[in-house]
Amino acid sequence: MDFLRRADSVLRLSSSDIDKANAWINDDIKPLPPHRRTWTTTYFVFFWALNNLTLYSMTTGSALVALGLSVWQAMISTVIARLIIAFVAVFNGWPGAEWHIGFTVISRYIWGMYGCYVQVVQRIILSAVWMAVQSWTGGICVSIVLSSIFPSFQHMTNTMPASTHMHTKTFIGWVIFNFLMCACVYVPVEKTKRAFVVSNAVTLVTVVGLTAWAVHEAGGPGPLLSAGATLKTSDEYGWGIVQGITSVIGSIAVGLSNQPDYSRFARRPGDQVMGQWLSIPVFGTVVPLLGCICASATQQVFGEVVWNPPTIAERILARGYTPTARAGCFFLGLGFVVAQLAINAFDNAFSGGMDFAGLVPRYLNIRRGAYLTLILSVILQPWQLLSTASVFLSVLGAYSVFLGPMCGIMITHYWLVCKRRIRLSHLYKPDATSIYWYSGGFNPRSFVAWIVGFGPLLPGFVHNVTPTISVPIGATHYFYLAYPAGFCVSAAVYYAICKAFPYPGIDTIDELDVFGTFTPEEARRLGITVNPAVLVAEVASLGDDSKAGKTNLTVVESDKTSV
């Protein structure tokens, strides 16, 4: 028992103004104080540029052209999808910027103090899976860099058995990439602003440079840009574009659900909006267009369309291992290694870390959670996941059937049900005195609306993953509307249920700034009093400390004045 107590003492997080981090709060999931909110409008522009200057964005056109669309029809789908993504990002990210709390804590007022764990665990799994996939791609980019430097590495014999579905070179690159990730996730999220600038600059030069090389080598943009669609009827055209829109949204649906995790770092509410409205439509459209131009030119260069940039580099080295080819592929691989490190850190490692911090806040903060997410991604063995790539990627892409309804409920609750008013102290009170306790810690209204939203999409989801299973054509067409349909249905159902069975006190707020969260300007606008002295508040009595701990919150003395 002494060993367990010592281990608990070592592993339990310390806290600046909380006696003990416990099952409901630590410094990383409590409302962020002003000194940690350092992201300005400029950095949100860079943040969302980072999310779109990626290998996946370059290959977006491949999925849409595979549906039978022409390149220009694919671009129409992309533009519409990016506008929808920007809309959801702005409205779902606003509570994070206004109340400075992340997805895990926001989930408590949506799903209940215990019901939130359903969504948090789901998010952790998705973060780990996507991190595994992105790390494997990063490993391929590392292997290109090594192949460009070392002739022995380029001509290395594969020693892996066929059952592993991988090459020795790729495995070595993956191991190195994961070590690089260990360094990246050590940096606190709020101190990564300069990384946005560096990553965006390097990746943009790499993307434009690769496209320019392909067009120059081919003597033009290639025939794919002028090729027509393979779809024949107007009905096929219409549903093809709709399917393309949903496909693009599905590729980023996981990131849309946890927008508050990053918007809460905004220096002031609204700083995040320009980055969302500007970078998502602009970079989210330009990069796929460059990818289409590059792929079209490769048809002239290699005799077939090659969508994936790392594959282009491998083709170049295989075609002629010359000093020029090696130098070009070195910088190409290096640029995409930087891109993969950045997107994997922010979209997967830090996101998973924030979710872990909400799941076990007594012992895990963002950094520890990010490392756990990295470990899980290694355990998942991405080479095995991708050995059945078509089914696996179909499941990941189609998972938006569950995430669209979730975001619809989140946005509806904040903007229409609680009318942008949150009682922060009650988000850390795990008992019936909290207005977010609902029924035994679960909010049945949100779960009913969620199920009604994704339920009708399941037949189409199953058919998409396993085409041999037949479903009515109407179910397939409805699935093509997956994200927007689920979003709207769940939002409408949730609002109707809340009007019929209203929450008592759901639109109340704290009279005092219990956590020292707001600037005087923010407090004045929200109607909250900032106490200028030290305020000691018993926020929750959790009973058995061995089960959940006891929360005593102390607001640090500041120079704020009452308003």
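Residues numbered from 1 in each chain as written. Predicted model: local features only at pLDDT ≥ 70, side-chain atom pairs only at ≥ 80, totals over all residues. Heavy atoms only, no water.

**Looking at the overall build of the protein chain**
Helix and strand counts for the protein chain stand at 25 helices and two strands. Sorting the 563 residues of the protein chain into buried and exposed places 56% on the buried side. Residue pairs at least 24 apart in sequence account for 81% of intrachain contacts in the protein chain once pairs closer than 6 positions are excluded. Roughly 22100 Å² of accessible area belongs to the protein chain as shown, and the carbon and sulfur atoms make up 67% of that amount. (Helix = DSSP H or I, 4+ residues; strand = E, 2+ residues; numbered from the N terminus. Buried < 20%, exposed > 50% of the residue type's maximum accessible area, 1.4 Å probe, protein only. Contact = heavy atoms within 4.5 Å. Areas by Shrake-Rupley, 256 points an atom, 1.4 Å probe, with all protein chains shown as cover.)

**Thoughts on empty space enclosed by the protein**
The final tally for this structure, using the stated rule, is three cavities of 30 Å³ or more. Lining of the second largest cavity is provided by Trp99, Leu424, Asp510, Leu512, Asp513, Val514, Phe515, Thr517, Phe518 and Ile528. The class makeup of the residues in the lining of the second largest cavity is seven nonpolar, one polar and two charged. (1 Å grid on protein atoms, 1.4 Å probe; cavity = no way out; pocket = protein on both sides within 12 Å on 5 of 7 lines; lining within 4 Å. Points joined across faces, edges and corners; volume = space filled by probe spheres on them. Nonpolar A, V, L, I, M, F, W, Y, C, P; charged D, E, K, R; others polar.)

**Here's the deal with the packing of aromatic side chains**
Both the distance between ring centres and the angle between the ring planes are used here to describe each pair of aromatic rings. Taken as a whole, this structure holds 40 aromatic pairs when the rule is applied. Ring pairing ties together the aromatic residues Trp39, Phe44, Phe47, Trp48, Phe196, Tyr262, Phe265, Phe346 and Phe350, which thus form one cluster. The ring of Tyr186 has Arg367 lying over it, and the distance from NZ or CZ to the ring centre is 3.8 Å. The residue whose ring lies beneath Arg445 is Tyr503, and the NZ or CZ to ring-centre distance is 4.2 Å. (Phe/Tyr/Trp six-rings, centres within 6.5 Å; stacked < 30°, edge-to-face > 60°. Lys NZ or Arg CZ within 6 Å of the ring centre and 35° of its normal.)

**Topic: the confidence of the model for the protein chain**
With 90% of its residues at a pLDDT of 70 or more, the protein chain has an overall mean of 88. Segment residues 16-20 is flagged for pLDDT under 50; beyond a separation of four residues in sequence, or across chains, it makes 16 contacts in the model. Below a pLDDT of 50 lies the segment residues 533-563, which in the model reaches 82 contacts outside its immediate sequence neighbourhood of four places, other chains included. (pLDDT = per-residue confidence, 0-100.)

**Remarks on the packing of helix H10 (residues 193-218) against helix H16 (residues 323-359)**
The interhelical angle for the contact between H10 and H16, taken along N-to-C directions, is 135°, at an axis separation of 9 Å. When the axis of H10 is compared with that of H16, the two are oblique. Taken as a pair, H10 and H16 cross one another with a handedness that is left-handed. Counted together, Phe196, Ser199, Val202, Thr203, Thr206, Val207 and Leu210 of H10 and Phe331, Leu332, Gly335, Phe336, Val338, Ala339, Ala342 and Phe346 of H16 form the full contact between these two elements. Here the contact of H10 with H16 is built from residues that sort into eleven nonpolar, four polar and no charged. (Axes fitted to C-alpha atoms, helices over the stretch in contact; angles between N-to-C directions. Parallel < 35°, antiparallel > 145°, perpendicular 65-115°, else oblique. Left-handed = near helix turned anticlockwise from the far one by under 90°.)

**Observations regarding the nonpolar core**
The nonpolar side chains of a soluble globular protein tend to be buried, and buried together. In terms of nonpolar packing, the biggest core is built from 143 residues, with Trp99, Ile101 and Tyr109 touching the most fellow members. It is H16 that contributes the most residues to this core, 16 residues altogether. Contacts of Ile101, omitting those with residues within four sequence positions, involve Pro31, Gly96, Ile106, Tyr109, Pro260, Arg264, Ile422, Leu424, Leu427 and Tyr428. Met75, Leu225, Cys292 and Ala295 belong to the second-largest nonpolar core, a separate cluster that totals eight residues. (Core = buried A, V, L, I, M, F, W, Y, C linked by side-chain atoms within 4.5 Å.)

**A closer look at the pattern of salt bridges**
Applying the stated criterion across every chain, the model contains eleven salt bridges. Measuring nitrogen to oxygen at the nearest pair gives 3.1 Å for the salt bridge that ties Asp28 to Arg36. By relative accessible area, Arg36 is classed as buried at 13%. Glu98 is the partner of Arg525 in a salt bridge, and the nearest nitrogen-oxygen pair spans 2.9 Å. One end of the pair, Arg525, is in helix H25 (residues 520-526); the other, Glu98, is in helix H5 (residues 71-99), with 427 residues separating them in the sequence. Looking at Glu98, the relative accessible area reads 2%, which means it is buried. Three or more residues joined by partner-sharing salt bridges are found here, namely Asp28, Arg36 and Glu190. (Salt bridge = Lys/Arg side-chain N within 4 Å of Asp/Glu carboxyl O.)

**Structural notes on helix H15 (residues 309-319)**
Restricting attention to buried positions, one finds in H15 the residues Pro309, Pro310, Ile312, Ala313, Ile316 and Leu317. Taken end-on, H15 shows its buried residues confined to a sector of 155°, consistent with a single buried face. Taken together, the buried residues of H15 touch helix H3 (55-58), helix H7 (116-149), helix H8 (151-154), H10, helix H14 (273-302) and H16. (Arc of directions from axis to C-beta.)

**Description of the state of the cysteines**
A full pass over the atoms with the stated rule returns zero disulfides. Sulfur of Cys182: no disulfide; nearest cysteine sulfur belongs to Cys184 and is 9.2 Å away. (Disulfide = S-S within 2.5 Å.)

**Quick look at the packing of helix H21 (residues 444-454) against helix H24 (residues 482-500)**
Between H21 and H24, the least distance of the axes is 8 Å, while the angle of their chain directions is 150°. Between H21 and H24 the crossing geometry is right-handed. Listed contacts from H24 to Arg445, Ser446, Val448, Ala449, Trp450, Val452 and Gly453 of H21 are Gly486, Val489, Ser490, Val493, Tyr494, Ile497 and Cys498. Of the residues contributing to the contact of H21 with H24, the split by class is nine nonpolar, four polar and one charged.

**With respect to the environment of Val305**
Within the element layout of this structure, Val305 appears in the loop between H14 and H15. For the pair formed by Val305 and Gly222, sequence separation is 83 residues and the distance between their alpha carbons is 9.6 Å. If we skip the residues at most four places from it in the chain, Val305 touches Leu224, Ala295, Thr298 and Gln299.

**Some words on unusual backbone geometry**
As a rule of thumb, non-glycine residues mostly have phi less than zero, and peptide bonds are mostly trans rather than cis. Phi is positive for Gln381, which is not a glycine, with a value near 50°. With respect to the element layout, Gln381 can be found in the loop between helix H17 (366-379) and helix H18 (382-385). A positive phi angle is found at Arg420, which is not glycine, with a value near 65°. Along the chain, Arg420 turns up in the loop between helix H20 (400-417) and H21.

**Some remarks on the side chain of Gln134**
In this fold, Gln134 is placed in helix H7. In this structure, Gln134 is in contact with Phe177, Gln340, Ile343, Asn344 and Asn348, ignoring residues within four places of it in sequence.

**Re a nonpolar patch on the surface**
On the surface, Val79, Leu83, Phe87 and Trp277 cluster together into a nonpolar patch covering about 350 Å² of accessible area. Looking at the nonpolar patch element by element, the count peaks at three residues for H5. If you trace the backbone, Val79 turns up in helix H5. (Patch = residues over 30% accessible without salt bridge, like charges linked within 9 Å, V, L, I, M, F, W, Y side chains within 5 Å.)

**Here's the deal with the side chain of Thr373**
For Thr373, the position within the fold is in helix H17. Judged by relative accessible area, Thr373 falls into the buried class, the value being 1%. Only 2.9 Å separates the side chain of Thr373 from the backbone oxygen of Gly369, close enough to count as a polar contact. (Polar contact = N/O pair within 3.5 Å; in protein donor to acceptor, adjacent residues only side chain to side chain.)

**Some remarks on the environment of Gly240**
When you line up the elements, Gly240 lands in helix H11 (residues 234-250). On the basis of relative accessible area, Gly240 is assigned to the buried category, the value being 5%. Sequence separation between Gly240 and Ser77 is 163 residues; the distance between their C-alpha atoms is 9.0 Å. Discounting chain neighbours no more than four positions away, the residues touching Gly240 are Leu67, Leu69 and Leu231.

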